Amino acid sequence: MIRKYSMTPGEPLTEEQKDEIKEAKRHPITFDEDCQELSPAMMKMLRVAVRQRNRNRLNGKYEERYGKKSDIL
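All figures in this text were calculated on a predicted structure; none of them were measured in a lab.

Visitor: Hey, could you run me through a nonpolar patch on the surface in this one?
Guide: Nonpolar side chains collect at one region of the surface, where Tyr5, Met7, Leu13 and Ile21 lie side by side and expose about 340 Å² of accessible area between them. By the secondary structure assignment, Met7 is in the segment before helix 1 (15–25). Judged by its relative accessible area of 38%, Met7 falls in the partly exposed class.

Take a look at the structure:
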């Protein structure tokens, strides 16, 4: 089950949210044909893309290109 929460930076987790995180840690990740495990090469590409995205956010280029972070999420 997927749950989505909207939080503001610095807002503490509720006890219910903490319990849900603890419960989720007990279950293994299940991969299937729609959500396959990433190969080492794909993981490397993902890390590079995340670093580039974070670097662009620091330089202000990310928002110029894609809009505010809240517009995307």
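On we go from here.
Visitor: Can you walk me through the pattern of salt bridges in this structure?
Guide: Think of it this way: side chains of opposite charge can pair up when their charged atoms draw near. A full pass over the atoms with the stated rule returns two salt bridges. Note that Lys18 and Glu15 form a salt bridge whose closest N and O atoms lie 3.7 Å from each other. You can see Lys18 and its partner Glu15 sitting in helix 1, three residues apart, about one turn around the helix. Note on Glu15: relative accessible area 55%, which makes it exposed. Across the pair Arg26 and Glu23 runs a salt bridge, and its minimum N-O distance is 2.6 Å. Residue classification places Glu23 among the partly exposed positions, given a relative accessible area of 34%.

Visitor: For this particular structure, what's the right way to read helix 2 (residues 40–59)?
Guide: The α-helix advances 3.6 residues per turn, and as a result positions three or four apart in sequence lie on the same side. Here helix 2 spans 29 Å end to end across 20 residues, near enough to the 28 Å set by a 1.5 Å rise per residue. Gly60 occupies a position one or two residues after helix 2 and carries a positive phi of about 85°.

What counts as what
- Residues numbered from 1 in each chain as written.
- Predicted model: local features only at pLDDT ≥ 70, side-chain atom pairs only at ≥ 80, totals over all residues.
- Heavy atoms only, no water.
- Patch = residues over 30% accessible without salt bridge, like charges linked within 9 Å, V, L, I, M, F, W, Y side chains within 5 Å.
- Areas by Shrake-Rupley, 256 points an atom, 1.4 Å probe, with all protein chains shown as cover.
- Salt bridge = Lys/Arg side-chain N within 4 Å of Asp/Glu carboxyl O.
- Helix = DSSP H or I, 4+ residues; strand = E, 2+ residues; numbered from the N terminus.
- Buried < 20%, exposed > 50% of the residue type's maximum accessible area, 1.4 Å probe, protein only.
- Expected span 1.5 Å × (residues − 1).

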